[in-house]
Every structure is written in C-alpha cells, then in structure tokens.
Amino acid sequence: MSKVVDITDKLEFNESAKIKIKEKEVAVNTDATTVIKLMACMKDGESITPSAVIEMYEILFDKKDRDTIETLNLSFKDLRTLIEVATEMVIGSGEEEGE
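All values derive from a computational prediction rather than experimental measurement.

About the thresholds
Residues numbered from 1 in each chain as written. Predicted model: local features only at pLDDT ≥ 70, side-chain atom pairs only at ≥ 80, totals over all residues. Heavy atoms only, no water. Pairing = 2+ DSSP bridges. Helix = DSSP H or I, 4+ residues; strand = E, 2+ residues; numbered from the N terminus. Core = buried A, V, L, I, M, F, W, Y, C linked by side-chain atoms within 4.5 Å. Buried < 20%, exposed > 50% of the residue type's maximum accessible area, 1.4 Å probe, protein only. Contact = heavy atoms within 4.5 Å. Axes fitted to C-alpha atoms, helices over the stretch in contact; angles between N-to-C directions. Parallel < 35°, antiparallel > 145°, perpendicular 65-115°, else oblique. Left-handed = near helix turned anticlockwise from the far one by under 90°.

**Considering the pairing of strand β2 (residues 24–28)**
For a regular strand, side-chain orientation follows a simple rule: the groups alternate between the two sheet faces.
Okay, so step 1: Two elements, strand β1 (residues 17–21) and β2, share five bridges in a ladder whose sense is antiparallel. Counted as the bridge partner of K18 is A27 from β2.

If you want it as structure tokens, here you go:
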C-alpha cells in the first residue's frame, strides 16, 4: 500500500488578490501557473514587447475583469501601471499597498 501525505494544512488557499480602481475591483490571477507564464513573458532582462504586454494583461486578468478594466478607459501609462502592480502582486516583488 502506498503512503499518503496530507499537506493541506501547509498550503495557503487565499482568495485572489484584487486591485481597486476608482469604485471598481478587479481580481488578479495569482496561481502558480500565472507566475510561470509571466516569467516566460519577461525573459530575463530583455525589453518587453507590446505583444508581451498584451499577453501579460490576458494572463493576469480574466475576461470579466478585462472587460471591467476596459470600461475605465485608462491611458496607456495607467494601463502599464496596472499591469506592473498586478505583476508585483503575483511575483511577490514590491511591498503590499492598500487601505
């Protein structure tokens, strides 16, 4: 018979992180698969291309949340800030901010 090790108590099953913009909240995908996909987009030190930015945006936010973001009519600079903050939340670099 094989041995079963239950690691449930060692894992953190937190809700997704959220970013608040004006009165709207959007969830950020923070699972391990997202981290791996983001790391692949960033390619150690290479400049991030516009197509990589779009890919990161689609990895970080589900369709419903992207639709919410699009209703905010953010400038490119603001969208870039949103993606940077979300990336920091997922990868864990940077300090948590909020209320």
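**Brief notes about the nonpolar core**
Okay, so step 1: Core analysis: the biggest nonpolar cluster contains 18 residues, and I19, V28, L60 and F61 have the highest contact counts within it.
Okay, so step 2: Breaking this core down by element, the ones donating at least two residues are β1, β2, α1 (32–42), α2 (50–60) and α4 (76–91).
Okay, so step 3: Leaving out residues up to four positions away in the same chain, F61 has contacts with V26, A27, V28, N29, R66, I69, L82 and A86.

**Considerations on the packing of α2 against α4**
Okay, so step 1: As a packed pair, α2 and α4 sit with axes 10 Å apart at the nearest point and diverge in direction by 55°. As far as their axial angle goes, α4 and α2 are oblique. Judged by the twist between their axes, the crossing of α2 over α4 is left-handed. Between α2 and α4, the residues in contact are V53, M56, Y57 and L60 and L79, I83, A86, T87 and V90, respectively.

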